[in-house]
Amino acid sequence: MGGGTARGSRAAVPGGRAADTRVDDDRDQGRALASSRRGRLPLGARPAEGDGIDRLTIAVPVKGRLREPSVSLLEDAGLGPEQPGERALAFPCRNAPVDVLLVRAADVPEYVQDGVVDCGITGQDLVRERGARVEELLELGYGSCKLEAAVPEESRYQSVEDLAGARIATVYPKLTRELLPVEVELVDVSGSVEIAPRLGLADGIVDLVSSGNTLRTNGLRSLGQLFSSQAVLIGRQDLTEQQSADTSRLVSMMRAVVEARAHRYLMLNTRESGLDEVCRIIGSRSPSVLPLAEPGMVAVHALVPSAEVWRLLPELEAAGASAILVVPVERMTR
Ligand code: AMP
């Protein structure tokens, strides 16, 4: 792709002008933008001449697993569309000089690398597979999955090392070559990878797995994990000082939401004599401790990891804590 777009007073979608590139009912633009529109922004996302505002452009998955969580992350970070219910492929955000472009997740790494947009949300697997020269700015805490090697249940292969010379079906040829410890023969498929061994096309596969249900349903057994992935915010490498500052602001807004989602605000009452035990259970040496009207009683407030709540509650109850409240956190900075 050609060099980056000139920035200056660029606006992906000028406020007040209707974006004219629309999606169909399943929100699919119907084709890969990167291949047909290299180096250019889609129609309706063209720069506005001379509006004097430096705007940041961010590419977000238009469909698939990463679409909804990415759109909701933008919303929670205060970067929802200026027009509620916006269905255009490119729209300005309210509250910040940021323009969103909806494109295929697989095209995001290339768009960012080539400066078509300043940043983007996509999967780490796609960034690595494309070999994109971009900065990984922030792990977003959703879209978690693993790239695994798997073979039919009944096959003789017991470890990834056994796969030397085997035929492996995958849509991740680059990562497979990089991460498998042995040489294999790659079988090119464009989808439904799990079925390739049953069709006799391959001895095994390398594919993304989250729960492992799809592997089991297709009679496959995992030989091990090659790569662990989640959604990530990526940015261009060649940013000017101003662009870096704008990008840092976007990263801060998103980080505050990502951190908040990973935590809960815990409030409880306890006898002062039980305070040490409560602190030990929640793993915090400095929670907020507030005296209550009842002598000898205190309220304890602390941030705890969301994933720990299920373990903490019964332990705190057993330690005599009462009036336990667990509430979500909207934004959080450390
Ligand atoms: P999609 O657009 O739905 O094909 O998903 C694209 C991205 O979603 C992948 O590149 C991964 O980063 C992420 N993802 C998360 N879990 C899975 C999964 N179980 N299978 C495939 N992709 C996944």
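Before going into details, it helps to say that this report is about the structure given with it.

### Overview of the site of the ligand
In the vicinity of the ligand, the residues found are Gly64, Arg65, Leu66, Ala105, Gly123, Asp125, Leu126, Gly143, Cys145, Leu208, Ser210 and Ser229. Of the residues assigned to the shell around the ligand, the class counts are five nonpolar, five polar and two charged. Among the domains, domain 1 (33-142 + 230-260) and domain 2 (145-228) are the pair contributing at least three residues each to the shell around the ligand.

### A closer look at the sheet that holds strand E4 (residues 119-123)
Strand order in the open sheet formed by six strands is E2-E3-E1-E4-E11-E5, with mixed pairing between adjacent strands. The two strands at the open ends of the sheet, each matched to only one other strand, are strand E2 (90-92) and strand E5 (135-139). Between one strand and the next, the sheet's axes are offset by a mean angle of 25°, whatever the strand orientation. In this structure, E5 lies alongside strand E11 (residues 231-235), joined through four bridges in antiparallel fashion. Residue pairing across strands places glutamate 136 opposite isoleucine 234, the latter belonging to E11. Across the sheet, helix H2 (residues 67-76) lies against strand E1 (56-61), strand E3 (98-103), E4 and E11, angled at about 145° from E1, the strand it touches most. Lying on the sheet, helix H7 (residues 241-261) is in contact with E1, E3, E4, E5 and E11; it crosses E5 at an angle near 30°.

### Here's the deal with the pairing of E4
Burial within E4 is extensive, with five of its five residues counted as buried. By the alternation rule, side chains of E4 split into Cys119, Ile121 and Gly123 and Gly120 and Thr122, which are all buried. In this sheet, E4 lies alongside E1 in parallel orientation, the contact comprising two bridges. Looking at E4, one finds that isoleucine 58 is bridged to cysteine 119. By the bridge criterion, five bridges tie E4 to E11 in an arrangement that is antiparallel. Note on E11: the bridge partner recorded for isoleucine 121 is leucine 233.

The rules behind these values
- Residues numbered from 1 in each chain as written.
- Predicted model: local features only at pLDDT ≥ 70, side-chain atom pairs only at ≥ 80, totals over all residues.
- Near = placed C-beta within 6 Å.
- Nonpolar A, V, L, I, M, F, W, Y, C, P; charged D, E, K, R; others polar.
- Domains from an automatic or database assignment.
- Pairing = 2+ DSSP bridges.
- Helix = DSSP H or I, 4+ residues; strand = E, 2+ residues; numbered from the N terminus.
- Axes fitted to C-alpha atoms, helices over the stretch in contact; angles between N-to-C directions.
- Contact = placed C-beta atoms within 7 Å.
- Buried ≥ 20, exposed ≤ 12 C-beta atoms within 10 Å, placed from the backbone.

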